Amino acid sequence: MTNYDEHEMYLRRVLSNSISSLNPSEDAKKRARKLSPSYFEDYKQKLLKDWEGKKLDDIENCEVVSTSYGDTLKITHEEKVSFKIDDNDFKNQINSNLKLLPKIGLKTEENLKNKGYTTIESLKNHDKYCDSANKFTSRIDDLSFGEIINLLDKNRYSKKCRDNVIRSISLTDKENFKFMDIETLGLSNVPIILIGVAELKKDKIISSQYFLREIYEEPAVIEAYLSHLDEDSVHVTFNGKSFDVPYIRNRCLSNRLEINFRLPHLDLMYFAKNLWGSQLPNCQLQTIEKELFGIEREGDVPGQYIPGYYNAYLNEKNIGPIVPIIEHNRQDIISLASFLERMYEDVN
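Source: prediction; values computed, not measured. (Residues numbered from 1 in each chain as written. Predicted model: local features only at pLDDT ≥ 70, side-chain atom pairs only at ≥ 80, totals over all residues. Heavy atoms only, no water.)

Asker: Explain the overall build of the chain to me, please; I cannot follow it from the model alone.
Answerer: In terms of helices and strands, the chain carries 14 helices and seven strands. Split into buried and exposed, the 348 residues of the chain put 49% on the buried side. Carbon and sulfur atoms form 45% of the exposed surface of the chain, whose accessible area is close to 19000 Å². (Helix = DSSP H or I, 4+ residues; strand = E, 2+ residues; numbered from the N terminus. Buried < 20%, exposed > 50% of the residue type's maximum accessible area, 1.4 Å probe, protein only. Areas by Shrake-Rupley, 256 points an atom, 1.4 Å probe, with all protein chains shown as cover.)

This is how it looks when you write it as structure tokens:
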């Protein structure tokens, strides 16, 4: 076979993966069907049929829990997990980052290190930077994890040093991570229909999901989620800084819930783009699952169809359409734990 023939076969194989080609492959046709509204309408009708006559308490591991705002439905799952964050002596790493001091940039740091000032501690003997070095070292041991994240985030060179934020998670207990995701009836000022939070407990990861059985239960759903948070909690999300956390805050205001929501926040979307962007077709959560962790979801419902599925549940009094939504949310929060552990390994 000539090089020309090999090239021709390669082009045909690549083009067949596109639905717009003259002879699309069966895989391309299958992917196209799964992206079409008609596919998800048919899937919804199938779910309505399969779950006809079933009730919410037929969902595995569910129970009704009480809050000061009324009752809500809680779905709990747990599974074994090996989540390990080895000590990386991060506070000594901070000591080597001279750029954390005012008026020290990349070039100045390089010049100072060439002169033997390799740590912030050593700058206490420098004529110009001694005051800021003394001030920094006197308070570093007293900083909380949240304050250290803020310090790293607010530094003007944070984009160049973004890996340091992931390295810093060795400074907090893994039990403090709250892997969180929400599902809503739209993109703004409409109710949250599901909040999921996953937590690490010894050798297990436990997911707790709070489902909006009726629209009026939203305050109970939110308060049930808030019961998982304390002053040491760390939000871990995927695009949660832009969407999930502000959304919860706004819904708290709409429902007149008073909360203090100022917690450290690790939005893994930004770190994923920084660490893995060059090796992936995109940095969507499910793309990362598939390409880096070998997870390919079956029966999943994309976010744009979730409001329609939830409304079908309300209108038809049939739980079928919300079953894949609950599984979609659970997989999202479980994946975040895998992402964070892998990111920590990569940057160390």
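Asker: How do you make sense of the environment of Lys290 when you look at a structure like this?
Answerer: Note on placement: Lys290 falls in helix 12 (residues 285-293). Not counting residues within four places of it along the chain, the set of residues in contact with Lys290 comprises Ile295 and Glu296. (Contact = heavy atoms within 4.5 Å.)

Asker: Looking at this structure, how should I read the sheet that holds strand 3 (residues 177-184)?
Answerer: In a beta sheet, neighbouring strands are held together by backbone hydrogen bonds and run either parallel or antiparallel to one another. Taken in spatial order, the seven strands of this open sheet run 1-2-5-4-3-6-7, and their pairing is mixed. This sheet does not close on itself; its edge strands, each paired only once, are strand 1 (62-67) and strand 7 (265-267). Geometrically, the sheet is characterised by an average inter-axis angle of 30 degrees between neighbouring strands, direction not taken into account. Sheet topology places strand 1 next to strand 2 (residues 70-80); six bridges connect them, and they run antiparallel. Bridging across to strand 2, Ser66 finds its partner in Asp71. Seen against the sheet, helix 9 (residues 218-226) touches strand 1, strand 2, strand 3, strand 4 (192-201), strand 5 (204-211) and strand 6 (234-237) and runs at an angle of roughly 15 degrees to strand 4. Against the sheet, helix 14 (residues 323-347) makes contact with strand 2, strand 3, strand 4, strand 5, strand 6 and strand 7, and its axis sits at roughly 150 degrees relative to strand 3, the strand it touches most. (Pairing = 2+ DSSP bridges. Axes fitted to C-alpha atoms, helices over the stretch in contact; angles between N-to-C directions.)

Asker: How should a negative patch on the surface be read in this particular structure?
Answerer: A surface patch of negative charge is lined by Asp173, Glu175, Asp230, Glu231 and Asp232. Tracing the backbone through its elements, the reader meets Glu175 in the loop between helix 8 (163-167) and strand 3. (Patch = residues over 30% accessible without salt bridge, like charges linked within 9 Å, V, L, I, M, F, W, Y side chains within 5 Å. Salt bridge = Lys/Arg side-chain N within 4 Å of Asp/Glu carboxyl O. Lys, Arg positive; Asp, Glu negative; His and termini not counted. Charge placed at Lys NZ, Arg CZ, Asp CG, Glu CD.)

Asker: What's the story with the pattern of salt bridges in this structure? I'm lost.
Answerer: Across all of its chains, the model carries 19 salt bridges by this definition. A salt bridge links Glu289 to Arg297, with the shortest nitrogen-to-oxygen separation between them at 2.8 Å. Accessibility assignment for this pair places Glu289 and Arg297 in one class, buried. One salt bridge connects Glu296 with Lys290, and the closest N-O pair in it is separated by 3.6 Å. Shared partners join several salt bridges into a network, and the residues in it are Glu289, Arg297, Asp300 and Asp332.

Asker: I'm lost on unusual backbone geometry in this one. Help?
Answerer: Peptide bonds are, in most cases, trans, and in most cases residues other than glycine have a negative phi. For Asn189, which is not glycine, the phi torsion reads 55 degrees and is therefore positive. Within the element layout of this structure, Asn189 appears in the loop between strand 3 and strand 4. Residue class for Asn189 comes out exposed when judged on its relative accessible area of 61%. Not every positive phi belongs to a glycine, and Asn239 is a case in point at roughly 70 degrees. Mapped onto the fold, Asn239 is located in the loop between strand 6 and helix 10 (244-254).

Asker: Looking at this structure, I do not really get the packing of helix 9 against helix 10. What am I missing?
Answerer: For any two helices packed against each other, the geometry is given by the interaxial angle and the distance between the axes. Direction vectors running N to C along helix 9 and helix 10 enclose 130 degrees, while the axes themselves pass 10 Å from each other. As far as their axial angle goes, helix 10 and helix 9 are oblique. Of the two elements, helix 9 crosses helix 10, and the hand of that crossing is left-handed. In contact with Glu218, Ile222 and Tyr225 of helix 9, helix 10 contributes Ile248, Arg251 and Cys252. In the contact of helix 9 with helix 10, the residues fall into four nonpolar, no polar and two charged. (Parallel < 35°, antiparallel > 145°, perpendicular 65-115°, else oblique. Left-handed = near helix turned anticlockwise from the far one by under 90°. Nonpolar A, V, L, I, M, F, W, Y, C, P; charged D, E, K, R; others polar.)

Asker: Sorry if this is basic, but what is going on with the side chain of Lys44 here?
Answerer: Note that Lys44 resides in helix 3 (residues 37-50). Apart from the residues lying within four places of it in its own chain, the contact partners of Lys44 are Gly308, Tyr309, Ala312 and Pro321.

Asker: How do you make sense of the environment of Ala272 when you look at a structure like this?
Answerer: Take Ala272: it is sitting in helix 11 (residues 268-276). For the pair Ala272 and Leu285, spaced 13 residues apart in sequence, the C-alpha separation works out to 9.1 Å. Apart from the residues within four sequence positions on either side, Ala272 is in contact with Phe238, Gly277, Cys283, Ile288 and Met343.

Asker: Which parts of the structure should I look at to understand the packing of aromatic side chains?
Answerer: The geometry of two aromatic rings is summed up by the distance between their centres and the angle between their planes. Across all of its chains, the model carries 14 aromatic pairs by this definition. Considering the side-chain rings of Tyr310 and Tyr313, the 5.4 Å spacing of their centres and the 45 degrees angle between planes classify their relative orientation as tilted. Taken together, the positions of Tyr310 and Tyr313, both in helix 13 (residues 306-316) and three residues apart, correspond to about one turn of that helix. Of the two residues examined, Tyr310 and Tyr313, each falls in the buried class. These aromatic residues form a ring-pair network of at least three members: Tyr39, Phe40, Tyr43, Tyr305 and Tyr309. In this arrangement the basic side chain of Lys54 is found over the ring face of Trp51, its NZ or CZ atom lying 5.2 Å from the centre. (Phe/Tyr/Trp six-rings, centres within 6.5 Å; stacked < 30°, edge-to-face > 60°. Lys NZ or Arg CZ within 6 Å of the ring centre and 35° of its normal.)

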